[in-house]
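Secondary and tertiary structure notes
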Amino acid sequence: MAARASRKLISDYVTKRAILSSVGSCRHCSSAAESSPKIPHFSKKGRLLTGATIGLVIAGGAYVSTVDEATFCGWLFSATKLVNPFFALLDAEFAHKLAVTAASRGWVPREKRPDPANLGLEVWGRKFSNPIGLAAGFDKNAEAVEGLLGMGFGFVEVGSVTPVPQEGNPKPRIFRLREEGAIINRCGFNSEGIVAVAKRLGAQHGKRKLDETSSTSPSSIEEVKHGGKAGPGILGVNLGKNKTSEDAAADYVQGVHTLSQYADYLVINVSSPNTPGLRMLQGRKQLKDLVKKIQAARDEMQWGEEGPPPLLVKIAPDLSREDLEDIAAVALALRLDGLIISNTTISRPDPVNKNPVSEEAGGLSGKPLFNLSTRILKEMYILTRGKIPLIGCGGISSGEDAYKKIRAGASLLQLYTAFAYGGPALIPQMKAELSECLERDGFKSILEAVGADCR
């Protein structure tokens, strides 16, 4: 397709030049008495610049016409590395908004290459082409789901979404620790609210249904049906509570009633450190009561053959052994569908504590969180006896990191900070590295490797 486009561009250019030449010849043949519009005079520098640009277009088109789609796709992803230094110069939150806008408008590369076969897996009856997902917090308001899934993520989680729109905490509230590969944020559930998010997800859902009904060939139908409710990948919706709300359960129930029809899975976020009192909901009694009410709200709705979306809880890494035992007991007793381990940490492990920025309040994410979150992940896998699917999140920045999370008990994985620093090029790189790790150790699939270090 790219080759055809480049050939058409070159053809159009040559045709236009021929027409212009003809027009120019006619002008020279016309009588001096005739009045004609003045042709603007371009400087030598302008002509050189124009010629160089046209030369680059032709050369680029010639190159594209000689390569296959997979090679061209790889080139596009690699080219995004050139943009990363530009984002680094911008304010952190403005850069974030710009990245979301780019993904929402399709200004990002689209993955055309199939994922390695050994990365595919099925969880909750849903097929993931690969286990690498994007964590909540990046696309808070479901503005760029299609663009993000198109980049090659196996799944994308939007949110956290609150019932009523809220601004979140005062700015500045996002701080980079570039040398440590970390970020501190205290956003505080800034959200456009469930109504705005429902409208966006509803429009995407309607478009997908239209694609299904308009497909005529068996191959195209199969392609459309692959993935989840949002398109080619799986869509998770992360639910939060409003800062001023006195009834947390009511907030989560409202989110379930409004958004669950568009979600392949739902997440109860009770672990953000930036909403006062939220982490208290991780206590044994509080969590049990909360999950019961949310499960009841979900199950009372009308569902088709696929049934209701799985319900997960996202927990903090700053938990004691007793806290973990309580959460595991609740998860097993109520048959929770999964846990996300973990959210950001309020601790400041080495070497972050030596950076002056570490004194900023908020949750720390990125490389310094890896060891802590992986230890909590492994403990939870053992406590739940491998009966509950776990999503490993926290400090993953390479395929090797992803593999360690899987061996510690994760069936699925989520990125955030590494993606913010590395951009789209990190996705195919990480998938290739993870596939190589599995092959190296003799695992034929992701599921074979889950919990390997806990056996």
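That block above? That's the structure.
Described below are features of the structure shown in this document. (Residues numbered from 1 in each chain as written. Predicted model: local features only at pLDDT ≥ 70, side-chain atom pairs only at ≥ 80, totals over all residues. Heavy atoms only, no water.)

Re the pairing of strand 5 (residues 174-177)
Taken together, the four bridges between strand 5 and strand 6 (residues 182-185) define a ladder with antiparallel strand orientation. In the strand pairing of strand 6, Arg 176 is matched with Ile 183. (Pairing = 2+ DSSP bridges. Helix = DSSP H or I, 4+ residues; strand = E, 2+ residues; numbered from the N terminus.)

Details of the sheet that holds strand 6
What the three strands build is an open sheet, ordered 5-6-11; its pairing is antiparallel. Only two strands of the sheet have a single partner each, and these edge strands are strand 5 and strand 11 (363-366). For this sheet, the mean angle separating the axes of adjacent strands, direction not counted, is 20 degrees. Strand direction decides the pairing type here: strand 6 and strand 11, joined by four bridges, are antiparallel. (Axes fitted to C-alpha atoms, helices over the stretch in contact; angles between N-to-C directions.)

Observations regarding the packing of aromatic side chains
With the rule as written, the count across this model stands at nine aromatic pairs. Both rings, one in Phe 138 and one in Tyr 416, keep their centres 6.3 Å apart while their planes meet at 75 degrees; by these two values the pair is edge-to-face. In this pair, Phe 138 is assigned in the loop between strand 3 (132-134) and helix 6 (145-150) and Tyr 416 in the loop between strand 13 (412-415) and helix 14 (417-422), connecting sequence segments 278 residues apart. Here Tyr 416 falls in the partly exposed class, since its relative accessible area comes to 25%. (Phe/Tyr/Trp six-rings, centres within 6.5 Å; stacked < 30°, edge-to-face > 60°. Buried < 20%, exposed > 50% of the residue type's maximum accessible area, 1.4 Å probe, protein only.)

A look at the packing of helix 9 (residues 248-259) against helix 10 (residues 284-299)
The packing of two helices is summarised by the inter-axis angle and the distance between the axes. Interaxial distance between helix 9 and helix 10 falls to 9 Å at its minimum, and their mutual angle equals 25 degrees. Between helix 9 and helix 10, the angle is such that the two are roughly parallel. The handedness of the crossing between helix 9 and helix 10 is right-handed. Contacts between helix 9 and helix 10 involve Ala 249, Tyr 252, Val 253, Val 256 and His 257 from the first element and Leu 290, Lys 293, Ile 294, Ala 297 and Arg 298 from the second. Grouping the constituent residues of the contact of helix 9 with helix 10 by class yields seven nonpolar, one polar and two charged. (Parallel < 35°, antiparallel > 145°, perpendicular 65-115°, else oblique. Left-handed = near helix turned anticlockwise from the far one by under 90°. Contact = heavy atoms within 4.5 Å. Nonpolar A, V, L, I, M, F, W, Y, C, P; charged D, E, K, R; others polar.)

Quick word on the sheet that holds strand 13
In space, the eight strands of this closed barrel follow the order 3-4-7-8-9-10-12-13, with parallel pairing throughout. On average, each strand axis in the sheet is tilted by 25 degrees relative to the strand beside it, whichever way the strands run. Here strand 4 (residues 155-161) runs beside strand 7 (residues 234-239); their pairing, made up of five bridges, is parallel. When the bridges of strand 7 are listed, Val 158 appears paired with Val 237.

With respect to the nonpolar core
Formed by 99 residues in total, the largest nonpolar core has its most connected members in Tyr 252 and Leu 339. Apart from residues no more than four positions distant in its own chain, Tyr 252 is found in contact with Leu 239, Gly 240, Lys 241, Ile 268, Asn 269, Val 270, Leu 278, Leu 281, Leu 290 and Ile 294. The next biggest cluster of nonpolar side chains, apart from the first, holds six residues, and it includes Leu 177, Ala 182, Val 352 and Leu 364. (Core = buried A, V, L, I, M, F, W, Y, C linked by side-chain atoms within 4.5 Å.)

Brief notes about the pattern of salt bridges
As enumerated under the stated definition, the model contains 18 salt bridges in all. For Asp 350, the salt bridge is made with Lys 354, and the minimal N-O distance between the two is 3.3 Å. In this pair, the class of Asp 350 matches that of Lys 354, namely exposed. Within the structure, one salt-bridge network assembled from shared partners comprises Glu 400, Arg 407, Arg 440, Asp 441 and Asp 453. (Salt bridge = Lys/Arg side-chain N within 4 Å of Asp/Glu carboxyl O.)

Read these as geometric descriptors, not functional statements.
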